[in-house]
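Secondary and tertiary structure notes
The residues making up each chain are set out below.
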Amino acid sequence: MKTILTCTNIHKSFQKRDEEKLEILKGISLSIEERKINVIVGKSGVGKSTLLHILAGLDKPDSGTVNFGELDLNKLKDEEISKFRNQNLGFIFQFHHLLPEFTALENISIPQMIGGIDIAKANKRSRELLDIIGLADRWNHNPSELSGGEQQRVAIARALANNPKIIFADEPTGNLDTANSTIIHELIKRLRDELDLTFLMVTHNKELMSIGDRIIEMRDGIITE
Ligand SMILES: Nc1ncnc2c1ncn2[C@@H]1O[C@H](COP(=O)(O)OP(=O)(O)O)[C@@H](O)[C@H]1O
Ligand SMILES: [Mg+2]
């Protein structure tokens, strides 16, 4: 088994104005193996999103390290982190965050073009991804012309656009009904098996937990798995 991501002794506190400093992450260390579905569970407010954002380079820890192989995120400048994220990491949020004024196809092509790929090549890849998620015939729809489940599938295709090795997902089915959640869960399993993807997801959804190869429990700022 190959490790794709390690974090060591991550600490993170938040201080709101006039309030006491709150230590949310109290020394989190984790090793994530390739080609596995990893699920983080824990009570609301325990720091799951905070941890996921730090691991995906969207936020910085107060101390501790995040490594992708030899690469140490702490050692990169902000622009380098953005570039690394664009090229190597995918992120799916609870709400799809698709750009409303662009079509499904364009939403998937934009991150590729930001990475320097020309529009024809990007659109070709986007069409392949729309095919994988079963929405090839909806390529020209804007997000408002898609159902909630379809919007989230487009968000997954967008996360896959630049061929990442690892996908981070924060409550990816938190906003969907059971039927649509099941479609997404099946899709995630297929992507692990067919594209050798690694997933690190936060969820409350029992069915999503059941597809996890590993369940990581957070409690009081530490991992208790
Ligand atoms: N930017 C922030 N500023 C202040 N407090 C924050 C910030 N982000 C998160 N928190 C606090 O940190 C705690 C953990 O948040 P979060 O990681 O979103 O929890 P979870 O995803 O497990 O529900 C919460 O109490 C939240 O209010
Ligand atoms: Mg959260």
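Everything here concerns the structure above.
Summary of the structure given here. Not measured: the values here are computed from a predicted model. (Residues numbered from 1 in each chain as written. Chains lettered and ligands numbered in written order. Predicted model: local features only at pLDDT ≥ 70, side-chain atom pairs only at ≥ 80, totals over all residues. Heavy atoms only, no water.)

Some details on the pairing of strand E7 (residues 166-170)
Counting buried residues along E7, five of its five residues qualify, which places the element largely inside the surrounding structure. Where strand E6 (residues 89-92) and E7 come together, four bridges link them in parallel fashion. By the bridge assignment for E7, Phe91 is matched with Phe168. Looking at chain direction, E7 and strand E8 (residues 198-202) are connected through five bridges and run parallel. Bridged to Asp170 within E8 is Val202. Chirality of the crossover, the property in question, places the unit of E7, helix H6 (residues 178-195) and E8 among those that are right-handed. (Buried < 20%, exposed > 50% of the residue type's maximum accessible area, 1.4 Å probe, protein only. Helix = DSSP H or I, 4+ residues; strand = E, 2+ residues; numbered from the N terminus. Pairing = 2+ DSSP bridges. Right-handed = clockwise from strand over helix to strand, strands pointing away.)

Thoughts on the site of ligand 1
In the region of ligand 1, the neighbouring residues are Phe14, Lys16, Ile24, Lys43, Ser44, Gly45, Val46, Gly47, Lys48, Ser49 and Thr50. One nitrogen or oxygen atom from the main chain of Gly45 is found 2.7 Å from an oxygen atom belonging to ligand 1. Within the contact set of ligand 1, an oxygen atom lies 2.8 Å away from a backbone nitrogen or oxygen of Lys48. In isolation ligand 1 has 560 Å² of accessible area, and contact with the protein removes 63% of it. Class assignment of the residues belonging to the shell around ligand 1 gives a composition of three nonpolar, five polar and three charged. (Near = heavy atom within 4 Å. Polar contact = N/O pair within 3.5 Å; in protein donor to acceptor, adjacent residues only side chain to side chain. Areas by Shrake-Rupley, 256 points an atom, 1.4 Å probe, with all protein chains shown as cover. Nonpolar A, V, L, I, M, F, W, Y, C, P; charged D, E, K, R; others polar.)

Overview of the sheet that holds E6
Strand order across the open sheet formed by six strands is E6-E7-E8-E3-E9-E10, with mixed pairing between neighbours. Edge strands, defined here as strands with exactly one partner in the open sheet, are E6 and strand E10 (222-223). As defined by bridge partners, strand E3 (residues 37-41) adjoins strand E9 (residues 214-219) across four bridges and the pair is classed as parallel. When the sheet's bridge partners are listed, Asn38 is paired in E9 with Arg214. Against the sheet, H6 contacts E3 and E8, and its axis sits at roughly 150° relative to E8. (Contact = heavy atoms within 4.5 Å. Axes fitted to C-alpha atoms, helices over the stretch in contact; angles between N-to-C directions.)

Some details on the packing of aromatic side chains
Throughout the structure, instances matching the rule amount to three aromatic pairs. Their ring planes at 55° and their centres at 5.2 Å tell us that Phe68 and Phe84 sit as a pair that is tilted. Linking Phe68 in strand E4 (residues 63-68) with Phe84 in helix H2 (residues 78-88), this pair joins segments that are 16 residues apart in sequence. Taken individually, Phe68 and Phe84 each receive the classification buried, so the pair is uniform in this respect. (Phe/Tyr/Trp six-rings, centres within 6.5 Å; stacked < 30°, edge-to-face > 60°.)

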